[in-house]
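Here is what each chain is made of, one letter per residue.
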Amino acid sequence: MLCVLSLVASTKCRRSEAPGDGEGRRVPVVGVVTVRAEPLQVEIELVGELRADESVVLKPEIAGVIAAVEFLEGQAVAKGDVLFRLRDAEQVARLREAQARLALARDEHGRTLRLARQNAAAAVQLERAAAELAVARARTQLERVELERTRIAAPFDGVAGARLVSPGERVTTDTSLVRVDAIDPLQVVFTVPEQVVPEARADAPVTVRVAPFPEQTFEGRIFFVAPSLDSANRRLALKGRLANAEGRLRPGMFARVGMKLGQRQALLVPEESVVLDGSGSFVWRLDDGDVAERVRVELGVHRDGRVEVVSGLHPGERVVSAGTHKVDAGARVEPVPARAAEDGGAGLPPDGSLGGGGR
């Protein structure tokens, strides 16, 4: 009997050493952080589209028959490279005729000029010879242009798409031949809401992410800001350029565009501090006696495991960052320092416990 009483007394002594609230209930141990104002880099993520920096569907300037295709589909082409040739026998013959007439007019003008210097030709004859020479030169130039029109060349450096015609096919000025896209650099086109308009400026940096390369960020800069908002949706159109030397990005890709809006002072707490219920978000705030109070908060941006508190808290206040599931309104807790808020962690095991036991 004496042994049993001794065991009971020993157990009571051990329990009395555990933290309590004075009524025999054990006080939960929780991680706590102190709310402080700190600089926050404000960014927004927008939806955009990648587009070729230049893009054109080539069409012939004159009607004719395709004599040759001078490129391979998907090939990189340089400005001035001939991609198609039309049959040009007629244009070549006309140019040769014009050149012959030019040579004749040049000789006639030379003879008339020598005779005029010897007073053997009237001034009117010299003027007529000079006019005929000018006409012959203009005709030659015109025929040379007509011959050039039988050669369809790339208007800029880019990549040729699929050809839409075959050798021997008759084409007109409305016939599409091939599409050429300039893909280095690429454009990213997106819009921003009205509230962001003051931050929209040329040469501002942007970041771009695309689904095929989710872990990679592509850097670019804005080069165009629309002069006015779209009256239908109150948004402002922007364009940026980003390098694409490796050709990994393609026009038409869906893009997520990040845009920095500057810095502001903000209150940040670990995401673990925020509790959600049917009426919104709240945190557990501790008073000077370590008593928990349920406080409604309005949240802003999320950043690296932390969340901005727009309203509901003030600098210097303490909030529970781990063990929130053990807290009751109006109940005292035993706070222990959590890791620095900027580390985004609570300094507690994943279950939020510190060995203090349950309620």
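The rules behind each value
- Residues numbered from 1 in each chain as written.
- Predicted model: local features only at pLDDT ≥ 70, side-chain atom pairs only at ≥ 80, totals over all residues.
- Heavy atoms only, no water.
- Helix = DSSP H or I, 4+ residues; strand = E, 2+ residues; numbered from the N terminus.
- Expected span 1.5 Å × (residues − 1).
- Buried < 20%, exposed > 50% of the residue type's maximum accessible area, 1.4 Å probe, protein only.
- Contact = heavy atoms within 4.5 Å.
- Polar contact = N/O pair within 3.5 Å; in protein donor to acceptor, adjacent residues only side chain to side chain.
- Pairing = 2+ DSSP bridges.

Caption draft 1: Examining helix H3 (residues 123-148) more closely. Here H3 is 26 residues long and its end C-alpha atoms lie 38 Å apart, about the 38 Å a rise of 1.5 Å per residue gives. Taken residue by residue, H3 has Ala-129, Leu-133, Ala-136, Thr-140, Glu-143 and Leu-147 as its buried positions. Against helix H2 (89-117) and strand S6 (151-153) lie the buried residues of H3.

Caption draft 2: Local environment of the environment of Val-297. By the element assignment, Val-297 lies in the loop between strand S16 (292-296) and strand S17 (298-303). A residue is classified by how much of its surface remains accessible, and Val-297, at 11% relative accessible area, is buried. Between the C-alpha atom of Val-297 and that of Glu-308, which follows or precedes it by 11 residues, the distance is 9.8 Å. Among all residues touching Val-297, those that are not within four sequence positions of it are Ser-281, Phe-282, Val-283, Val-309, Ser-311, Gly-312 and Leu-313.

Caption draft 3: Molecular detail of H2. The end-to-end C-alpha distance of H2 is 42 Å, a good match for the 42 Å that 29 residues give at a rise of 1.5 Å each. Buried within H2 are the following residues: Gln-91, Leu-95, Ala-98, Leu-102, Ala-105, His-109 and Thr-112. Where H2 is buried, its residues meet H3. Positive backbone phi, at 60°, marks Asn-119, one or two positions downstream of H2.

Caption draft 4: Structural context of the side chain of Thr-150. Relative to the helices and strands, Thr-150 resides in the loop between H3 and S6. With a relative accessible area of 1%, Thr-150 lands in the buried category. Polar side-chain contacts of Thr-150 include one of 2.5 Å to the backbone oxygen of Leu-147. Dropping the residues within four chain positions of it, Thr-150 is found in contact with Ile-62, Phe-84, Arg-85, Leu-86, Arg-87, Asp-88 and Gln-91.

Caption draft 5: Region of the structure containing the sheet that holds S6. Spatial ordering of the open sheet is given by S6-S5-S3-S8, a layout of four strands whose pairing is antiparallel. Of all the strands in the sheet, just S6 and strand S8 (170-171) have a single pairing partner and so form its edges. Across two bridges, strand S3 (residues 64-69) lies against S8 in antiparallel orientation. By the bridge assignment for S8, Gly-64 is matched with Val-171.

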